[in-house]
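Secondary and tertiary structure notes
Spelled out, the chains give:
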Amino acid sequence: MKEQLEAIRKGALEAIAAAQETAGLEVLRVKYLGKKGELTAVLKQMGGLSAELRPVMGQLANDVRASLETAIERQSGILSQKALEARLAAEAVDVTIPGKKPPMGHKHPMYSVLDEMKEIFLNMGFEIMDGPEIEQADYNFTKLNAPENHPSRDWTDTFYLTEDSSVLLRSQTSPMQIRAMEGYGVPIRMISAGRVYRKDEVDATHSPMFHQIEGLVVDKGITMADLKGTLNAVIREIYGPETVTRFRPHHFPFTEPSCEVDIQCYKCGGKGCPTCKGEGWIEILGAGMVHPKVLRGCGIDPEEYSGFAFGMGLERLALGRYKISDMRLIFENDIRFLEQF
Ligand code: DAH
């Protein structure tokens, strides 16, 4: 029996060392150590041995079993290490091959102009504020000194959200003047940009939703000269240093005096062309000295403080900046158009 056991050990160890796959190793384990395996078969003959030999052979059999188990485990380790190395070699990535560049978009031209604007105003010490598009009529109109019968309050002009006309989609960014003064007091220098809504039909110069930039400066001793100086500086940053401006009297409820600011047509240089509708001038913003009633309504003493405000359409600004002729192009998101900027 001893020879039998040693023969099993020898044969098995050789076979195990030669195994090249984990599956084959498992077959060998069953063949030698399984319930119907060779070692088990030998052990079944133990009953026929003498009382002296039985423990000796038992000891040897255990020894053989242990050495086979160890050998199988070691070979299994070697095989899985090899498998791992083979996989790593097969799946190796060449990090030096240039990658595929995903198509990248870029900023919408109107938001590029907005960013330019923000930069200009930040450099002049203004702060940037955000405010609600759903607004109270109080802020959109009343606190801005708009009379009860003002045409812009009409349901045909403004999107109201409640039957009692108290809540609406803001029709201008001017309510941010009130929110700024109420929220932060004076002195203040701020701009606020965002969407506004009006019941306008879509055409080359109108859209029911568009963007405005509002500005407000309130401090001691602010005059119309500050208004003109500031706006001229901004306009020349945006349209170029040679740009000619014109301040024309106008009326807004929340400023007194009020004006509109035109630039000389960038297309024809003032001679008159389709872009400026033959006028030679293009209107770009409304502005004025903050009305004393508006200041007082926000708890600010107009004897002590004064200020100026302005509001401009962002779309129109972008059209002028990039010499685009139709506002619809700004909203249609046709990639062939947007790619040009
Ligand atoms: N809110 C005005 C509009 O939508 C524009 C405007 C005019 C804003 C004069 C102002 C201002 O702040 O002072 O037509």
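Along every chain, residues carry numbers that run from 1 in the direction the sequence is written. This being a predicted model, a pLDDT of at least 70 is required before a residue's local features are given, and a value of 80 or more before pairs of side-chain atoms are given or counted; all residues contribute to the totals for chains, interfaces and linings. Remark: hydrogens and water are excluded; side-chain values derive from all non-hydrogen atoms of the structure.

With that settled, consider the overall build of the protein. Segments assigned H or I by DSSP are reported as helices when at least four residues long, segments assigned E as strands when at least two residues long, and all are numbered from the N terminus. A tally of helices and strands in the protein yields 12 helices and 9 strands. Computation of the radius of gyration draws on C-alpha atoms, with the globule rule given as 2.2 Å multiplied by the number of residues to the power 0.38. Against the 2.2 N^0.38 benchmark of 20 Å for 341 residues, the protein shows a C-alpha radius of gyration of 43 Å, more extended than a compact globule. For the C-alpha atoms alone, the extent of the protein along its principal axes is close to 125 × 45 × 40 Å. The contact criterion used throughout is that any non-hydrogen atoms of two residues lie within 4.5 Å. Counted over contacts in the protein with a minimum sequence separation of 6, partners at least 24 positions apart contribute 65%. This count recognises Lys and Arg as positive and Asp and Glu as negative, with His and chain-terminal groups excluded. Charge placement uses NZ in Lys and CZ in Arg. For Asp and Glu, CG and CD serve respectively. Of the side-chain charges in the protein, 40 are positive and 48 negative, and the distance between the mean point of each set is 8 Å.

We call a residue near a molecule or strand as soon as one heavy atom of that residue lies within 4 Å of the molecule or strand. Close to the ligand lie 15 residues, the nearest being Q172, Q177, R198, Q212 and E214. Two N or O atoms form a polar contact when they lie within 3.5 Å of each other; inside protein one atom must be a possible hydrogen donor and the other a possible acceptor, and for residues adjacent in sequence the pair counts only when both atoms belong to side chains. In the environment of the ligand, a nitrogen atom lies 2.9 Å from a nitrogen or oxygen atom belonging to the side chain of S174. All accessible-area figures derive from a Shrake-Rupley calculation using a 1.4 Å probe, and residue coverage is judged against the displayed protein chains alone. For the ligand, whose accessible area on its own is 360 Å², the fraction buried by protein is 90%. Broken down by secondary-structure element, the contributors of at least two residues to the shell around the ligand are β5 (209-219), β8 (281-290) and β9 (306-313). Taken together, the residues that form the shell around the ligand break down as 5 nonpolar, 8 polar and 2 charged. Any residue that is not Ala, Val, Leu, Ile, Met, Phe, Trp, Tyr, Cys, Pro, Asp, Glu, Lys or Arg is counted as polar, Gly included; the first ten are nonpolar and the last four charged.

Those domain boundaries reflect an automatic or database domain assignment. For the protein, the assigned domains read domain 1 (2-90) and domain 2 (110-338). Distance between the C-alpha centres of domain 1 and domain 2: 89 Å.

Taken together, the 7 strands give an open sheet; going across it, the order is β1-β4-β5-β9-β8-β7-β6, and neighbouring strands pair in mixed fashion. Looking at the sheet topology across the chains shown, the edges are occupied by β1 (127-129) and β6 (245-252). The mean angle between the axes of side-by-side strands here comes to 25°, regardless of whether they run parallel or antiparallel. Strands were regarded as paired on the criterion that DSSP finds at least two bridges between them. Where strand β4 (residues 188-197) meets β5, 10 bridges bridge the pair, whose relative direction is antiparallel. The residue of β5 that forms the bridge with V196 is F210. Each axis is a line fitted through C-alpha atoms, taken for helices only over the stretch in contact, and angles between the N-to-C directions span 0 to 180 degrees. Lying over the sheet, helix α7 (residues 175-184) contacts β1, β4, β5 and β9, oriented at roughly 140° with respect to β4.

All right, on to unusual backbone geometry then. V186 connects to P187 through a cis peptide bond whose omega is -5°. By secondary structure assignment, the location of P187 is in the loop between α7 and β4. E256 connects to P257 through a cis peptide bond whose omega is -5°. Locating P257 in the fold gives a position in strand β7 (residues 255-264). Although it is not a glycine, K277 adopts a positive phi angle of roughly 50°. Here K277 lies in the loop between β7 and β8. One non-glycine residue, N333, lies in the positive phi region at around 55°. Tracing the backbone shows N333 in the loop between α11 (328-332) and α12 (335-338). Taking the relative accessible area as the measure of exposure, N333 reaches 49% and is therefore partly exposed. Exposed residues in this analysis have more than 50% of their type's maximum accessible area, buried residues have under 20%, and partly exposed residues fall in between, with area computed by a 1.4 Å probe over protein chains only.

Turning next to the pattern of salt bridges. Salt bridges are counted wherever a side-chain nitrogen of Lys or Arg sits within 4 Å of a carboxyl oxygen of Asp or Glu. Counted by the stated rule, this structure contains 20 salt bridges. Of the charged contacts in the structure, one is a salt bridge between R179 and E135, with a shortest N-O distance of 2.7 Å. Placement of the pair is R179 in helix α7 and E135 in strand β2 (residues 134-136), with a sequence separation of 44 residues. Overall, the relative accessible area of 2% leaves E135 in the buried class. Salt-bridge contacts for D326 lead to R328; the nearest nitrogen and oxygen are separated by 2.9 Å. Connected through shared salt-bridge partners, R246, R248, E260 and D262 make up one network.

Moving on, we get to the state of the cysteines. For the purposes of this analysis, a disulfide is any pair of cysteine sulfur atoms at a distance within 2.5 Å. What the rule picks out here adds up to 0 disulfides. C268 provides the cysteine sulfur closest to C265, a residue in no disulfide bond, and the two sulfurs are 3.6 Å apart. C265 sits in the buried class, given a relative accessible area of 3%.

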